[in-house]
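Notes for the structure review
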Amino acid sequence: MQLRIPGPTPLPDEVLQAMKRQMINHRGPQFAEMFHEVTATLKEMFQTKGDLLILTGSGTGGMEASIVNTLSPGDKVLSLSNGAFGERFADIAEAFGAQVERLRFEWGRAVDPQAVRQALSHDTGIKAVLVTHNETSTGVTNDLASISAVVREFEKLLLVDAISSLGAIDLPVDAWGCDVVITGSQKAWMAPPGLAMVSVSERAWQAHAQARMPRCYWDFARAKRFLEKGQTPWTPALSTIYALAAALELLQREGLKNIVARHARVGAKAREGVKSLGLSLFPEDSYASNTVTAVRAPEGLDVKRLLKSLREEYNTILAGGQQRLEGKIFRIGHLGYVNEDDIEAVLEALRVALPQAGFNG
Ligand SMILES: *Cc1c(COP(=O)(O)O)cnc(C)c1O
């Protein structure tokens with residue numbers, strides 16, 4: 001089966017095998033050794049010398065953690081949003097009492113750093129900026145290098161949802177001055193769902209000391225205190241950590257540069273492939289993502305029928321559009337355990353399934 005959605009993603013055999021391992025004491029020395037090693041490798045992948053915390057929860061839990069650990073009710077927050085996940089980040093901040101100003105961009109377009117500069121010079125009371133590095137709902141990778149440079153100019157806190165980019169698309173956390181960066185185990189990491197991994201900068205710790213939003217399970221300080229003894233405050237998703245340890249071994253062997261290059265090749269192949277089938281991309285070309293390709297549904301194409309026939313007749317699982325994009329786009333996930341041959345297989349399936357769903361190029 002070809003599972004080509006933007007997470008959960010398929011697992012290599014070594015990772016599947018690792019999950020069969022018997023349970024161990026999560027307060028014992030074996031766990032501590034594994035946990036320290038996984039944490040150290042993740043820091044390399046995040047390109048950070050700051051703190052790296054592994055939390056049990058999905059990516060959204062990590063997003064909530066980034067908010068409640070750095071902000072207080074009433075704090076002004078600038079949300080940069082160009083899709084469903086950008087809106088989710090803003091919704092979470094709002095749920096905890098932040099005063100959220102939403103700087104929205106058309107879905108399919110990238111966040112404009114110039115507009116961010118304008119918004120920040122306009123409202124000096126803003127404390128933090130929320131941004132989605134790779135907007136999975138529209139297949140857009142925002143120009144985080146430029147956005148973070150602007151945010152640094154104004155010395156605001158920068159919280160980054162990198163759930164579907166980190167480990168696949170270059171994101172040098174320290175070099176770009178990102179304060180909290182979140183990813184999730186089931187995306188580029190070739191691991192199952194269950195873990196959110198977050199980096200925490202010195203500036204974020206200073207914000208943490210002042211932050212008054214309610215927090216308990218997600219408290220960064222508690223996680224850091226336990227990490228020092230090779231533990232987590234609460235029972236971790238142990239099997240997912242076994243799997244992540246095995247996946248990181250593979251990823252480390254490949255090397256970050258090669259991983260990023262592989263995703264660039266695979267992304268380019270997916271984009272060229274769908275264009276050669278007579279389809280067009282949903283996002284603007286220059287910001288099209290290397291981890292997920294969003295394809296505009298042309299006149300006559302029944303997306304639901306296409307996804308059903310791909311699933312039932314060609315063993316290929318693609319994703320539809322979310323929220324307002326339902327029926328308007330479909331998405332090919334290509335992150336984690338993926339190479340050019342996998343894309344070729346998806347394109348082969350599309351070539352036969354598209355006409356059956358009403359599209360004849
Ligand atoms: C998948 C995803 C999320 C949500 O992660 P969950 O693990 O489903 O909670 C958030 N943001 C982005 C950009 C994602 O791709």
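Residues numbered from 1 in each chain as written. Predicted model: local features only at pLDDT ≥ 70, side-chain atom pairs only at ≥ 80, totals over all residues. Heavy atoms only, no water.

Before going further, it helps to examine the packing of aromatic side chains. Applying the stated rule across the entire model yields 5 aromatic pairs. Relative to Phe35, the ring of Phe31 lies with its centre 5.1 Å away and its plane at 20°, an arrangement referred to as stacked. Here Phe31 pairs with Phe35, and both are found in helix H2 (residues 29-46), just 4 residues apart, close to one helical turn. On the basis of relative accessible area, Phe35 is assigned to the buried category, the value being 2%. When the centroid spacing of 6.4 Å and the interplanar angle of 70° are considered together, the rings of Trp205 and Phe220 count as edge-to-face. Of this pair, Trp205 sits in helix H7 (residues 202-210) while Phe220 sits in helix H8 (residues 220-227), and the two are 15 residues apart along the sequence. Residue Phe220 is classed as buried on the basis of its relative accessible area of 1%. In textbook terms, an aromatic cluster arises when at least three aromatic residues are bridged by ring pairs, as seen for Tyr217, Trp218 and Trp234. Directly above the ring of Phe85 sits Lys187, whose terminal nitrogen or CZ lies 5.8 Å from the centroid. (Phe/Tyr/Trp six-rings, centres within 6.5 Å; stacked < 30°, edge-to-face > 60°. Helix = DSSP H or I, 4+ residues; strand = E, 2+ residues; numbered from the N terminus. Buried < 20%, exposed > 50% of the residue type's maximum accessible area, 1.4 Å probe, protein only. Lys NZ or Arg CZ within 6 Å of the ring centre and 35° of its normal.)

A separate point is the domain arrangement of the protein. Taken domain by domain, the protein consists of domain 1 (14-253) and domain 2 (256-356). Domain 1 and domain 2 are separated by 26 Å when their C-alpha centres are compared. Between domain 1 and domain 2, the contact holds 26 residues from the first and 23 residues from the second. Buried area between domain 1 and domain 2, both sides added, is near 2,100 Å², and the carbon and sulfur share of it is 62%. Sorting the residues of domain 1 by area buried against domain 2 places Trp107, Gly139 and Ala168 first, and these three jointly supply 25% of that buried surface. Residue Glu284 is joined to Arg109 by a salt bridge in which the shortest nitrogen-to-oxygen separation is 3.6 Å. Linking domain 1 to domain 2 there are 8 residue pairs in polar contact (both at pLDDT 80 or more). Of all the secondary structure elements, the ones that give two or more residues to the side of domain 1 that touches domain 2 are H2, helix H4 (84-95) and strand S7 (140-141). (Domains from an automatic or database assignment. Contact = heavy atoms within 4.5 Å. Buried area = accessible area lost by both parts, 1.4 Å probe. Salt bridge = Lys/Arg side-chain N within 4 Å of Asp/Glu carboxyl O. Polar contact = N/O pair within 3.5 Å; in protein donor to acceptor, adjacent residues only side chain to side chain.)

Our focus in this paragraph is H8. For H8, the set of buried residues is Phe220, Ala223, Phe226 and Leu227. One side of H8 carries all its buried residues, which in axial view fall inside an arc of 130°. Turning to H8, the residues buried within the fold contact H2, strand S2 (51-56), helix H3 (59-68), strand S9 (180-184), strand S10 (195-200) and H7. Its side-chain oxygen at 3.2 Å from the backbone nitrogen of Ala221, Asp219 defines the N-terminal cap of H8. (Arc of directions from axis to C-beta.)

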